[in-house]
Amino acid sequence: MEYNHKKIEKKWQNYWDEKQTFKAVTGDKKEPYYILVEFPYPSGAGLHVGHVRSYTAQDALARMKRMQGYNVLYPMGWDAFGAPAEQYAIKNHIHPKDAVKENIKTFKGQMKDLGFSFDWSREFSTTDPEYYKWTQWQFLQFYKHGMAYKDTIPVNWCPTCKSVLSNEDAAGGVCERCGTEVVQKEKSQWMLRMSDYSEDLLKGLDDTNFADRVKLGQINWIGKSTGVELDVEIVGGGKFSIFTTCIETVYGITFFVIAPDGKLIKELMPRVKNKEEVNKYINETAKKSSMDRTELNKGKTGCKVEGIMAINPVNGMEVPIFLGDFVLGDYGTGAVMAVPSHDQRDFEYAVEHNLEMIQVIDGRDTTDSAFEKHDYLGKGCKLINSEEFTGLTVEDAKEAITEKLVNKGIARRVNNYKMRDWIFSRQRFWGEPIPMIYCEKCGWQPMDEKDLPLLLPDVAEYEPTEDGESPLANIKTWVNTTCPHCGGKAKRETDTMPNWAGSSWYFLRFMDAHNDKEFASMDAMKYWNRVDWYNGGMEHTARHLLYARFWVQFLYNIGLVPKKEMIWTRVSHGMVLGSNNEKMSKSKGNVINPDDIVKEFGADTLRIYEMFMGDYTQDAPWSTDSLKGCKRFIDKVIRLKDKVGSGEGYSKKLEPIIHKTIKKVENDLSTMAYNTAVSSLMILANSFDDEKSITKDEYHLLLTLLNPIAPHITEELNESLGFKPICESSWPKYDESKTIDSEIEIPVQLNGKVKATIKIALDSEENIVKEKAHSEVANLLEGKTIVKEIYVKNKIYNIVVK
RNA sequence: GCGAGUAUGCUGGAAUUGGCAGACAGGCAUGUUUGAGGGGCAUGUGCGUUAAAACGCGUAUGGGUUCAAGUCCCAUUACUCGCACCA
């Protein structure tokens, strides 16, 4: 048969479209199963081969699950707000919605060409007013429940581009686009009280089945640490608080370090003697990102705050205060106690600034480096130089010191979280407008819910403002409105929402995509229950997932979703790298366009290759040679059709491998082991190829198992044998008893080295195996003394000799 | 810096989770089929000594546990990803 992949693939894609094969019906009696892939940002570059990898993987799972009798929901949509579309639109003087429309068309066409079994009837874009109406509505719920507030936050600002920059775009302190030095600018921003949910987001992980590394990512992002907040008096009046997880070292304090960007230094300023030096350091710090600041080697910078001394609350010792940029103004209390003998960063700081050190935990010399907690904890180390606590173990002292300070009323046991509130404002045009109105008389007022959606204005020209406000601020007809409270003159909020907003709840919308009464009905959400399987990139496992969980937990708390955690399993896939093992990028010239591959080799070849290329959770480089190998595999499967004879059922000889392969493929597709699923199918095809002829049923089985990965060619071959379409058939069942060999080969080892293999019946008794093993290596045992023999049932026989 | 991950032939990777390292592919080589090939078939291919049998070595590096280690433990190195306005 001639393999015209273009014709075959089009034919089956049309078949699925016409029959609506993949339409998921809410309320169907079959068991629901919700498979989700991250919906893409439809960039101008078109679909990436990396998209193809994860979409194919989940497509294979979806197709198998359907055959297994589940009501599968496998939806697709578009996450289309964002800076690139806005930049493109500004440059080309068009409205971003038109650019987005074009891009979506391209992406959708590419997805159709690849034969993904998405339920297109549920498609939407986050930029559709019908969708963002509900994103805005949900923001209003946050606001009405006290979860949204305004705060002043410093942002990276490029004076040339007149644009707020991400840390990434401001890397190294210069604007990535134009090279101008970035400055920090204070801006009033909408915030969501995500930090209120720290503990719930941590606990909620127990009700999910996320991959371990995903859970770890969430846990570390939340960054819980348990410790003590301690009040510190300032000589001559005033006080501040510090947070520490190592209160046991409190007698070792020789100085305090406070954040240059914190509120404390501002308060102290009138009493500071070296104002000029202090101000200079504060200004230098303002240029650095927090990442640059916490780097260990840069942590030694700082300056002394002259004229102000603090008092160690446990022993009354007066110690100096320093500014240090490794202390962050927005984490903990913005001030730390410094114990150079027991913290390496404090140690280096003390050396640099020539400060005193006091060792308070015994166990190691501290002249050259600090004796830190990971070295002294749990080793029975005892305190020294610590008044009544001297002699106690670290663990006992931690408790005793805390207890004493808490009783004195100068300390509190607290949990600190690294996770901060969510900065929800963006000074951009292309995002969901925040539905808030500012009135001189009434302050911030939420829009009336019935007036939603608040549409973006339909203009093609918008320039950034001089002062860093959103481009929307220039569109006066849009900005000026009336106060929903008093009816007087008022202005709209001109900032828009971050890209993360729309993607924080899209999976709920898919459950009920066209509901115009609510964002999704409770009934529909209860029916689908939750996302059973969510796949996305590793780069999203910390933030997107956390934002989405936060959003859902909030909706749950106000009674709008049925579960506190709406995502059950989350897995992440590796990137497809260029053939030179580097990330694909235009500038490196190593980009592979899936369209070209589909045209030349066909979608099925590309799909098989991307499943076969390696461990799905790891990065894998592109190889066109390897791709060709997958084409050859398809050719082989096609050729096997000529071997189909008149027989029926499974032959005795092929039966074991057939049952094993069904089991293996079924297992592998549900555990992301796609590469071994393909390899086991290759093995099956090879063993068919070794036969003179195979039965129709055997061939049909191979096609069925391969169908989830290569759906077009398998349907075509299957049809030519006269079977009904695979997509309307059921998944084959394996017989466990037929997957087990009755006779097995096991190795015989001498001192751990394999010297022979013996054939034994499955589950043989040890003495039978022993006899066989001994006779097999008899010549090697001569003149040796047997010290020990180990038999691991059905695995190995090892003889230890001297 | 902090957090996470990875390291196995010439290449991508496999290894039932402590039990025969290199499955399945790619590449290369040799042979074969036909006028031809991004074709089919066959054989070989971790490294070393060797005609071969056989033996020795071998899963980033250095130690350790064990009858047995790619797999477990300790230390080290290199690379990749995330770090809050890229999506």
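Note: the structure precedes this text.
Just so you know, these numbers come straight off a predicted model, no measurement behind them.

Student: Honestly, the sheet that holds strand β22 (residues 743–750) in this entry has me stumped. Any pointers?
Tutor: Pairing between sheet strands relies on hydrogen bonds along the backbone, with the strands arranged either parallel or antiparallel. Reading across from one edge, β23-β22-β25-β24 is the order of the four strands in this open sheet, with mixed pairing throughout. Of all the strands in the sheet, just β23 (753–761) and β24 (786–792) have a single pairing partner and so form its edges. Ignoring which end each strand starts from, the neighbouring axes of this sheet average 20 degrees apart. Its contacts with the sheet place helix α26 (residues 766–776) against β22, β23, β24 and β25 (796–801), and it is angled at close to 135 degrees to β23.

Student: How should the packing of helix α20 (residues 603–612) against helix α21 (residues 624–640) be read in this particular structure?
Tutor: The axes of two packed helices give the description: the angle between them and the distance between them. Where α20 contacts α21, the two axes come as close as 9 Å, and the packing angle between them is 120 degrees. By the angle between their axes, α20 is oblique relative to α21. Seen along the crossing, α20 lies across α21 with a hand that is right-handed. Residues D604, T605, L606, I608, Y609 and F612 of α20 lie in contact with α21, whose contacting residues are S626, L627, C630, K631, F633 and I634. Tallied by class, the residues present in the contact of α20 with α21 amount to eight nonpolar, two polar and two charged.

Student: Would you take a moment to explain the protein's contact with RNA strand B for this structure?
Tutor: Taken together, 67 residues surround RNA strand B, and among them S166, N220, Q427, M613 and N798 come closest. Each atom of RNA strand B within 4 Å of the protein belongs either to a base or to sugar and phosphate, the latter forming 62%. One of the side-chain nitrogen or oxygen atoms of Q427 is found 2.5 Å away from a base nitrogen of RNA strand B. In terms of residue count, helix α23 (residues 674–689) provides more of the surface near RNA strand B than any other element does, seven residues in total. Looking at the surface near RNA strand B, its residues break down into 25 nonpolar, 21 polar and 21 charged.

Student: Explain the nonpolar core to me, please; I cannot follow it from the model alone.
Tutor: Considering soluble globular proteins, one finds that nonpolar side chains tend to be buried as a cluster. By size, the foremost hydrophobic cluster in this structure holds 164 residues, and its most contacted members are M111, F139, F507, L508, F519 and W622. When near neighbours in sequence (up to four residues on either side) are disregarded, F507 contacts Y34, L36, V531, A548, V552, M566 and I567. Among the nonpolar cores identified, the runner-up in size contains 45 residues, and I234, I265, A310 and M337 belong to it.

Thresholds, definitions, all that
- All residue numbers refer to position in the chain's written sequence, counted from 1.
- Lettering for chains starts from A, numbering for ligands starts from 1, and both go in the order in which the items are written.
- With pLDDT at 70 or above as the cut-off, local features in this predicted model cover only qualifying residues; side-chain atom pairs require 80 or more to be listed or tallied, and sums for whole chains, interfaces and linings still use all residues.
- Excluded from the side-chain calculation are hydrogens and water; included are all heavy atoms of the structure.
- At least two bridges found by DSSP between two strands is the condition for calling them paired.
- The way it works is that DSSP assigns letters per residue, a run of H or I at least four long becomes a helix, a run of E at least two long becomes a strand, and they are numbered from the N terminus.
- An axis is simply a line fitted to the C-alpha atoms; with a helix, the fit covers only the stretch in contact. Between two such axes, the angle follows the N-to-C directions and lies from 0 to 180 degrees.
- Throughout, a contact is declared for two residues whenever any of their heavy atoms are within 4.5 Å.
- An angle below 35 degrees is treated as roughly parallel, one above 145 as roughly antiparallel, one from 65 to 115 as roughly perpendicular, and anything else as oblique.
- Crossings are classed by handedness, with left-handed meaning an anticlockwise turn of the near helix from the far one by less than a right angle and right-handed meaning a clockwise turn.
- Lys, Arg, Asp and Glu make up the charged group, whereas Ala, Val, Leu, Ile, Met, Phe, Trp, Tyr, Cys and Pro make up the nonpolar group; the residues left over, Gly among them, are polar.
- When at least one non-hydrogen atom of a residue lies within 4 Å of a molecule or strand, that residue is treated as near it.
- As used in this structure description, the phrase polar contact means that two N or O atoms lie within 3.5 Å; if the pair is within protein, one of them must be able to donate a hydrogen and the other to accept it, and residues adjacent in sequence are counted only when both atoms belong to side chains.
- In these notes, a set of buried Ala, Val, Leu, Ile, Met, Phe, Trp, Tyr and Cys residues joined through side-chain atoms within 4.5 Å is what counts as a nonpolar core.
- Using a 1.4 Å probe on the protein chains alone, a residue whose accessible area is under 20% of its type maximum counts as buried, one over 50% counts as exposed, and one in between counts as partly exposed.

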